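Overview (structure and organization)
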Amino acid sequence: MNYKILIVDDEQLERRALESIIVLQLGTRVEIMQAVNGRDAVQMAREFRPDIAFLDIKMPIMDGLSLLRQIKKERPETDVIIITSYDEFAYAKEAIAQDAY
């Protein structure tokens, strides 16, 4: 099975690192797109139709939780994984309430 994965993070180093880890695990069975903010990611999700989306919480223009809600509204079948270095429990609680991992 091939996977379509969307990585959304405003930090280029973080996007590249996550992509490297995914490719290392899945090899050629994956197609990856990247976005630097939530606004761009909404359009990419519409066109790319990812199976999985990795979203950063804190980003300019549109934060990860707002993006999560938009993706789940338009593509409820997309699995969303929130990635963050923040230890604020409210972020995790909101993400889980929106059906994210």
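Our structure's up above, just so we're on the same page.
Here is a short report on the structure shown in this document. Remember, predicted model here, so these are calculated numbers, not experimental data.

Turning our eyes to something else, we now look at the overall build of the chain. Scanning the chain from terminus to terminus reveals four helices and four strands. The dimensions of the chain, computed from C-alpha atoms along their principal axes, are 35 × 25 × 20 Å. Within the chain, the proportion of its 101 residues that are buried is 37%. Carbon and sulfur atoms make up 51% of the accessible area of the chain, which totals about 6100 Å². The distance from the centre of the 13 positive side-chain charges to the centre of the 18 negative ones in the chain is 5 Å.

Moving on: the pairing of strand β1 (residues 3–8). Where β1 lies against strand β2 (residues 30–35), six bridges are found, and the strand directions are parallel. From the neighbouring strand, Lys4 faces β2, where its bridge partner is Glu31. As paired strands, β1 and strand β3 (residues 52–56) are joined by four bridges and run parallel to one another. From the neighbouring strand, Ile7 faces β3, where its bridge partner is Phe54.

Here four strands make up an open sheet; going across it, the order is β2-β1-β3-β4 and the pairing parallel. Taken across any chain shown, the strands that pair with only one partner, and hence form the sheet edges, are β2 and β4 (79–83). The mean inter-strand angle of the sheet, taken between neighbouring strand axes irrespective of direction, is 20 degrees. Its contacts with the sheet place helix α1 (residues 12–26) against β1, β2, β3 and β4, and it is angled at close to 175 degrees to β2.

Mapped onto the elements of the fold, Arg75 is located in the loop between α3 (64–74) and β4. We classify Arg75 as buried; its relative accessible area is 11%. Setting aside anything within four residues of it in sequence, one finds Arg75 in contact with Ala45, Arg49 and Pro50.

What follows covers the packing of helix α2 (residues 38–48) against α3. Running from N to C, α2 and α3 cross one another at 15 degrees; their axes reach a closest spacing of 10 Å. Overall, the two elements α2 and α3 adopt an arrangement that is roughly parallel. In the packing of α2 onto α3, the handedness of the crossing is right-handed. Judged by residue contacts, Gly38, Ala41, Val42, Ala45 and Arg46 of α2 engage Leu67, Gln70, Ile71 and Glu74 from α3.

One number sums up the size of the largest pocket: a volume of about 190 Å³. The biggest single contributor to the lining of the largest pocket is α1, with four residues. Among the residues making up the lining of the largest pocket, the classes are represented as five nonpolar, two polar and five charged.

Taken as a whole and judged by the stated rule, the model has three salt bridges. Ionic pairing is found between Glu74 and Arg46, a salt bridge with its closest N-O pair at 2.7 Å. Residue Glu74 is found in helix α3, and its partner Arg46 is found in helix α2; the two are separated by 28 residues along the sequence. With relative accessibility at 33%, the residue Glu74 sits in the partly exposed group. In this structure, Glu77 engages Arg75 in a salt bridge whose closest nitrogen and oxygen atoms are separated by 2.8 Å.

The rules behind these values
- Residues numbered from 1 in each chain as written.
- Predicted model: local features only at pLDDT ≥ 70, side-chain atom pairs only at ≥ 80, totals over all residues.
- Heavy atoms only, no water.
- Helix = DSSP H or I, 4+ residues; strand = E, 2+ residues; numbered from the N terminus.
- Buried < 20%, exposed > 50% of the residue type's maximum accessible area, 1.4 Å probe, protein only.
- Areas by Shrake-Rupley, 256 points an atom, 1.4 Å probe, with all protein chains shown as cover.
- Lys, Arg positive; Asp, Glu negative; His and termini not counted.
- Charge placed at Lys NZ, Arg CZ, Asp CG, Glu CD.
- Pairing = 2+ DSSP bridges.
- Axes fitted to C-alpha atoms, helices over the stretch in contact; angles between N-to-C directions.
- Contact = heavy atoms within 4.5 Å.
- Parallel < 35°, antiparallel > 145°, perpendicular 65-115°, else oblique.
- Left-handed = near helix turned anticlockwise from the far one by under 90°.
- 1 Å grid on protein atoms, 1.4 Å probe; cavity = no way out; pocket = protein on both sides within 12 Å on 5 of 7 lines; lining within 4 Å.
- Points joined across faces, edges and corners; volume = space filled by probe spheres on them.
- Nonpolar A, V, L, I, M, F, W, Y, C, P; charged D, E, K, R; others polar.
- Salt bridge = Lys/Arg side-chain N within 4 Å of Asp/Glu carboxyl O.

Nothing here speaks to function; it is all geometry.
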